[in-house]
Structures are given as structure tokens and as C-alpha cells.
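# Structure at a glance
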Amino acid sequence: LAGLLVCPLAVVAARGHAAAIKVMCDSPVEPALAKVAALFRGETNDQATLACDAGPAIKKQIEDGAVADLVVVEPDFVEALTRSGQVRAGDRPMIGHVGVGLGNRLDSPAYDISTTEKFENTLLGADLIVFNSVKSGAAFAEVLQRLGIADRLKSKIVRTAPLDIFQPVLKGKGNDMAAGTIPLIATTPGIKLLGPLPGDLQSAIPYTAALMTNAPQRATAEAFIKFLVTPKAKDAFAANGVN
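Let me begin by describing the structure that accompanies this report. (Residues numbered from 1 in each chain as written. Predicted model: local features only at pLDDT ≥ 70, side-chain atom pairs only at ≥ 80, totals over all residues. Heavy atoms only, no water.)

The biggest cluster of nonpolar side chains holds 60 residues, and the ones touching the most others in it are Phe-119, Phe-140 and Phe-224. Those residues within four positions of Phe-224 in sequence are excluded, and the remaining contacts are Ile-21, Val-23, Leu-33, Ala-37, Phe-40, Ala-48 and Leu-70. Within the second largest apolar cluster, nine residues are counted, among which are Phe-166, Val-169, Leu-184 and Ile-185. (Core = buried A, V, L, I, M, F, W, Y, C linked by side-chain atoms within 4.5 Å. Buried < 20%, exposed > 50% of the residue type's maximum accessible area, 1.4 Å probe, protein only. Contact = heavy atoms within 4.5 Å.)

Okay, the pattern of salt bridges next. Side chains carrying opposite charge are able to pair once their charged atoms draw close together. Tallying each qualifying case throughout the model produces eleven salt bridges. The salt bridge partner of Glu-74 is Lys-135, with a shortest N-O separation of 3.0 Å. One end of the pair, Glu-74, is in the loop between strand 3 (70-73) and helix 4 (75-83); the other, Lys-135, is in helix 6 (residues 135-147), with 61 residues separating them in the sequence. With relative accessibility at 6%, the residue Glu-74 sits in the buried group. With relative accessibility at 36%, the residue Lys-135 sits in the partly exposed group. (Salt bridge = Lys/Arg side-chain N within 4 Å of Asp/Glu carboxyl O. Helix = DSSP H or I, 4+ residues; strand = E, 2+ residues; numbered from the N terminus.)

Before going further, it helps to spend a moment on the packing of helix 5 (residues 116-124) against helix 6. Relative to each other, helix 5 and helix 6 sit at 105°, their axes nearing to 12 Å. When the axes of helix 5 and helix 6 are compared, the pair comes out roughly perpendicular. For the pair helix 5 and helix 6, the contacting residues are Thr-116, Phe-119, Glu-120 and Leu-123 in the first and Phe-140, Val-143, Leu-144 and Leu-147 in the second. When grouped by side-chain class, the residues that make up the contact of helix 5 with helix 6 number six nonpolar, one polar and one charged. (Axes fitted to C-alpha atoms, helices over the stretch in contact; angles between N-to-C directions. Parallel < 35°, antiparallel > 145°, perpendicular 65-115°, else oblique. Nonpolar A, V, L, I, M, F, W, Y, C, P; charged D, E, K, R; others polar.)

For the structure shown, the criterion picks out one disulfide. Covalently, Cys-25 is tied to Cys-52 through a disulfide, its sulfur atoms 2.1 Å apart. Between Cys-25 and Cys-52 the disulfide shows an S-S torsion of about 50°. By sign, it is right-handed. One end of the pair, Cys-25, is in strand 1 (residues 20-26); the other, Cys-52, is in strand 2 (residues 47-53), with 27 residues separating them in the sequence. Taking relative accessible area as the criterion, Cys-25 reaches 0% and is therefore assigned buried. You can call Cys-52 partly exposed: its relative accessible area is 22%. (Disulfide = S-S within 2.5 Å.)

Further remarks concern the pairing of strand 3. Alternating residues of strand 3 divide into Leu-70 and Val-72 and Val-71 and Val-73, and every residue in both groups is buried. By the bridge criterion, three bridges tie strand 1 to strand 3 in an arrangement that is parallel. Residue pairing in the sheet places Met-24 in a bridge with Val-71 of strand 3. Direction of pairing for strand 3 relative to strand 9 (residues 204-211): antiparallel, over a ladder of four bridges. Bridging from a neighbouring strand, Val-72 pairs with Ala-209 of strand 9. (Pairing = 2+ DSSP bridges.)

As for its position among the elements, Asn-104 is in strand 4 (residues 94-105). For Asn-104, the side chain forms a polar contact with the main-chain oxygen of Pro-109, separated by 2.8 Å. Excluding anything up to four places from it in sequence, Asn-104 contacts Pro-109, Tyr-111, Val-169, Asp-176, Met-177, Gly-190, Ile-191, Lys-192 and Leu-194. (Polar contact = N/O pair within 3.5 Å; in protein donor to acceptor, adjacent residues only side chain to side chain.)

It is worth spelling out unusual backbone geometry at this point. For Asn-45, which is not glycine, the phi dihedral falls at a positive 70°. One can find Asn-45 in the loop between helix 2 (30-44) and strand 2. The class for Asn-45 is partly exposed, based on a relative accessible area of 28%.

A few words on the environment of Tyr-207. Assignment of secondary structure puts Tyr-207 in strand 9. Tyr-207 sits in the buried class, given a relative accessible area of 1%. Remark: the alpha-carbon pair of Tyr-207 and Asp-91, spanning 116 residues in sequence, is separated by 14 Å. In contact with Tyr-207, other than residues within four places in its own chain, are Asp-26, Pro-28, Val-29, Val-73, Glu-74, Pro-75, Pro-93, Met-94, Ile-95, Gly-96 and Val-98.

Pasting the structure below:
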């Protein structure tokens, strides 16, 4: 009987020592990072809670005093936060890249955009094209310039705040498109992913993880950062649009 009681008590004791960390992250990596955080909890019993927003908003929140254990954003934001003292200097693993894609409403046609010609024809046939005012939107605007169709589409284009690109499409009734990061298009209710930008029109936005200077749970945060580059985590990232 004594032997039977040892294991349950040990499990309870181990669970009592589980840590909880806060991870601030850019919204495009949230779907994948949530899966990785679940794997981390399964292996360590430690909880990684995500607080996600657009990259510029995350940067400002940290500059304004937000407390977290680590941050997952684009490298240039991390560099700026390091210079201001909110993020520790040192090695920062690159956890992956997020591509840019095109989406429309679920009730709209499933256009083939697998080639540059098909992609261009799809855009020219759109009634509305929505993309944001940050990095993925800037990349898409550059694509329109490269294709030589920016002026022809000018009257159809709506630029929005980073996370507002889907609202005009969902509220629309025409042949409306949203261009943005692939994970967000693929996981937004009411929107379907038509596909990534084809060929060399694609832009890969990099993401890295960095430890906050005043991390309340530094040891657990460091363990989580190391977990982000394990084969198991990389497989979960890739399955959810972060490669």
C-alpha cells in the first residue's frame, strides 16, 4: 500500500512546482506558437501563456512597461528593444518564417493563384483588395509594383491596421480579397486561404525569440526558448505555417 501511494504523491508534488510564463508574440505566429506551448506543457508541466498582438503594438506595450518573460517578434523589433534595455542581449534562435498569402470569403470562388499569371488575373478581377500597413502589407504593395498593376488596382485597394484586414472582406458582398500572413488567413473564421504568393513574389517574414530583461520566471523562459528549436517544436511550427 505504501508503494502504491508514492507515485501519486510524487506527481502531485511535481505539479505543485510547475511554473507559468508569459510570452508576448506577434499575431501571425500565434496559431503555431499555441501548439508548441501545448507540447511544452505536456513535457514539462510548465504553462506558457500567450499575449499576442500586431508586432508594432507588442513593441510599444513593452516600451510602455508591459511585463513578460519572453517575446517572439521580428528581429528588428528585438534589436530595438535590446537597445532600450527591455530585452537581453545574446543569442536569439530564429524560430521560423511566415509567408504572405491571399484569401477570400468562404462563399467566394476558390481561385487558383499558383502561378504569377493566375495570381495577377485573380487580383485584376477583384472588387476589393485589403492589406495592412505593416511589413506583410508593405511586401504585398511591392509585389503589385513589380507586376506593374498597382495603378490599375489603386481604386480597389484598402489599407488597414495590422489585424483589421479581414473585416472589409467579411462584410463585403463582392469579389473581395485579403492579402496577409498565411497563418492568420488560414485560421480566421469565414475566410479561406487561396494560397501563398507564387514563386519569387513570396516574402518570408522572420521571427525570433528573446528573453526579457526582467523576466519573472527566467529559468522556465530560457527552457521554453530552447524548446522552440527542438525537432518536435519545429514540426509543429511547420504544420501551422511557420517554416
